[in-house]
Amino acid sequence: MRVAVYPGSFDPITMGHVDVLRRALGVFDRVVVAVLVNPKKVPMLDIDARVAAIRSGVGEVLPGLAERVDVRPFAGLTVDACRQTDARFIVRGLRAVSDFEAELQMAHMNHRLAPEIDTVFFMTALEYSYLSSSLVREIVRFGGDPSAMVPPSVAERLSAAAAAESVAGRVR
Ligand code: PNS
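Read on for an overview of the structure.

Conventions used here
Residues numbered from 1 in each chain as written. Predicted model: local features only at pLDDT ≥ 70, side-chain atom pairs only at ≥ 80, totals over all residues. Heavy atoms only, no water. Salt bridge = Lys/Arg side-chain N within 4 Å of Asp/Glu carboxyl O. Helix = DSSP H or I, 4+ residues; strand = E, 2+ residues; numbered from the N terminus. Buried < 20%, exposed > 50% of the residue type's maximum accessible area, 1.4 Å probe, protein only. Expected span 1.5 Å × (residues − 1). Bend = angle between axes of the 7 residues up to and from the residue. Contact = heavy atoms within 4.5 Å. Polar contact = N/O pair within 3.5 Å; in protein donor to acceptor, adjacent residues only side chain to side chain. Pairing = 2+ DSSP bridges. Axes fitted to C-alpha atoms, helices over the stretch in contact; angles between N-to-C directions.

Next up on the list: the pattern of salt bridges. Under the defined criterion, the tally for this structure stands at ten salt bridges. With a closest N to O distance of 3.7 Å, Asp-11 and Arg-137 form a salt bridge. Placement of Asp-11 in the loop between strand S1 (3-8) and helix H1 (15-25) and of Arg-137 in helix H5 (residues 133-141) is noted, with a sequence separation of 126 residues between them. Residue classification places Asp-11 among the buried residues on the basis of a relative accessible area of 7%. According to the relative accessible area criterion, Arg-137 is partly exposed, its value standing at 21%. Measuring nitrogen to oxygen at the nearest pair gives 2.8 Å for the salt bridge that ties Arg-92 to Glu-103. Placement of Arg-92 in strand S4 (residues 89-94) and of Glu-103 in helix H4 (residues 97-113) is noted, with a sequence separation of eleven residues between them.

Structure, rendered in structure tokens:
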């Protein structure tokens, strides 16, 4: 069985991420979406919300494929997440040439740490090449509509998170 880990912050998962996941499921039997717990960053969606958003979003946008997707939080090294799940491949998406340099560095470093693991890149569809989690967060925080950019249930979660942030901001 060919297993791959698709690591990322996914704050939030976007339609671009889902597009990469769909392509990866065309090649691998199982894809583990490994959601990074980064203690140095305060995410818009906490780790439980990100995991839940990915599960519901994948179910909505990729029905019929979702049973081959595992979503789990991880802290630490991506290569350790691979070893824990018997994955020999890391999946990453490339939107543009500008992504390539950092991705190449990570792929080489991960290969250095774990020579048995290879990184496989999928090109994100052109229509999502402008999309990033950070832009989606900004749009939602300023009251914009993210519904074309993320799965429906993720848009709902983001609106709730933005409302909670603005209440907290008013209290501060
Ligand atoms: O979605 P992102 O934020 O671009 O994902 C970055 C991620 C999570 C893939 C990267 O930061 C990562 O792999 N972090 C885990 C720590 C690690 O393995 N570092 C060495 C990578 S070379």
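What follows covers H4. In this model, H4 (17 residues) spans 25 Å end to end at C-alpha, consistent with the 24 Å of a helix rising 1.5 Å per residue. Helix geometry: H4 is bent most strongly at Glu-103, by close to 25°. All of the buried residues along H4 are Asp-99, Glu-103, Ala-107 and Asn-110. Where H4 is buried, its residues meet helix H3 (78-84), S4 and strand S5 (118-123).

In this section: the side chain of Asp-11. A distance of 2.9 Å separates the side chain of Asp-11 from the backbone nitrogen of Leu-45, its partner in a polar contact. Apart from residues lying up to four places away in sequence, Asp-11 is in contact with Pro-43, Met-44, Leu-45, Arg-50, Ser-133 and Arg-137.

Right, let's talk about the sheet that holds S5 for a bit. Read from one edge to the other, the open sheet built from five strands follows the order S3-S2-S1-S4-S5, with strand pairing classed as parallel. Lying at the two open borders of the sheet, with one neighbouring strand each, are strand S3 (69-74) and S5. When strand polarity is set aside, the average angle formed by the axes of neighbouring strands in this sheet is 30°. In the sheet, S4 pairs with S5 via six bridges, with the strands oriented parallel. Following the sheet pairing, Phe-89 is matched in S5 by Asp-118. Helix-sheet contacts for H4 involve S4 and S5, and the interaxial angle to S4 is about 175°.

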